[in-house]
Amino acid sequence: GKQVAHVVGDDLVERFGAFPPTAEVLVVAGDCGPLNPLLEGSSDGVVTVQETLLSTPHWRMSVAAPHMLLCRHPGAVRATLAFCEGG
């Protein structure tokens, strides 16, 4: 939310801490190419793909979906369910 709107990369870790090494983390990034002219690189229109990279180990995937539709993208839903079920 607004609390992290301007906190990225190492600043995010400094402010909120890193994920514990034992934590399993899945990042699903929206990648619609250079959708927003105000953002540098591929993005979902709100968050760049680069901004979704974590400094700690994590699972990640990208789907061709804008920010507002990420939670409804079939690939994102399948990946999230599989991740939560331990697969």
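The rules we used
Residues numbered from 1 in each chain as written. Predicted model: local features only at pLDDT ≥ 70, side-chain atom pairs only at ≥ 80, totals over all residues. Heavy atoms only, no water. Helix = DSSP H or I, 4+ residues; strand = E, 2+ residues; numbered from the N terminus. Buried < 20%, exposed > 50% of the residue type's maximum accessible area, 1.4 Å probe, protein only. Contact = heavy atoms within 4.5 Å. Polar contact = N/O pair within 3.5 Å; in protein donor to acceptor, adjacent residues only side chain to side chain. Arc of directions from axis to C-beta. pLDDT = per-residue confidence, 0-100.

Student: Would you mind going over the overall build of the protein in detail, with residue names and values included?
Tutor: Within the protein, the secondary structure is distributed over 2 helices and 2 strands. Its helices and strands in sequence order give the protein the pattern α-β-β-α, from N to C terminus. Here the protein holds 87 residues, and the buried ones make up 23% of them. Sequence-distant contacts, at least 24 apart, represent 46% of the contacts inside the protein between residues at least 6 apart.

Student: How would you sum up the side chain of Asn-36? Please name residues and give values.
Tutor: Tracing the sequence through the fold places Asn-36 in the loop between β1 (26-30) and β2 (59-63). In terms of polar contacts, Asn-36 uses its side chain to reach the backbone carbonyl oxygen of Gly-45, at 3.0 Å. Filtering out sequence-adjacent residues up to four positions away, Asn-36 remains in contact with Ser-43 and Gly-45.

Student: Can you explain helix α2 (residues 74-84)? Please cite residues and give values.
Tutor: The complete set of buried residues in α2 reads Gly-75, Ala-76 and Ala-79. The buried residues of α2 all sit within an arc of 100° when viewed along its axis, so they share a single face. Summarising the geometry of α2, the exposed residues directed more than 90 degrees from the buried face are Arg-78 and Cys-84. Residues of α2 that are buried in the fold lie against β1 and β2. Immediately beyond the C-terminal end of α2, within one or two residues, lies Gly-86, with a positive phi of roughly 90°.

Student: Run through the side chain of Ser-43, naming residues and quoting values.
Tutor: Its location among the elements puts Ser-43 in the loop between β1 and β2. On the accessibility criterion, Ser-43 (0% relative accessible area) is buried. Residues in contact with Ser-43, not counting those within four places in the same chain, are Gly-30, Asp-31, Cys-32, Gly-33, Leu-35, Asn-36, Thr-48 and Val-49.

Student: Pulling in residues and values, what's your account of the environment of His-73?
Tutor: Of note, His-73 is situated in the loop between β2 and α2. A residue is classified by how much of its surface remains accessible, and His-73, at 22% relative accessible area, is partly exposed. Along the primary structure His-73 and Val-63 are separated by 10 residues, whereas in three dimensions their C-alpha atoms are 7.7 Å apart. Other than its neighbours up to four places away in sequence, His-73 contacts Val-63, Ala-64 and Ala-65.

Student: So what's going on with the confidence of the model for the protein? Residues and values would help.
Tutor: Summing up the model confidence of the protein, the mean pLDDT is 87 and the portion of residues at 70 or higher is 85%. Predicted confidence in the protein is weakest over helix α1 (residues 9-16), with a mean pLDDT of 69, and strongest over α2, with 97.

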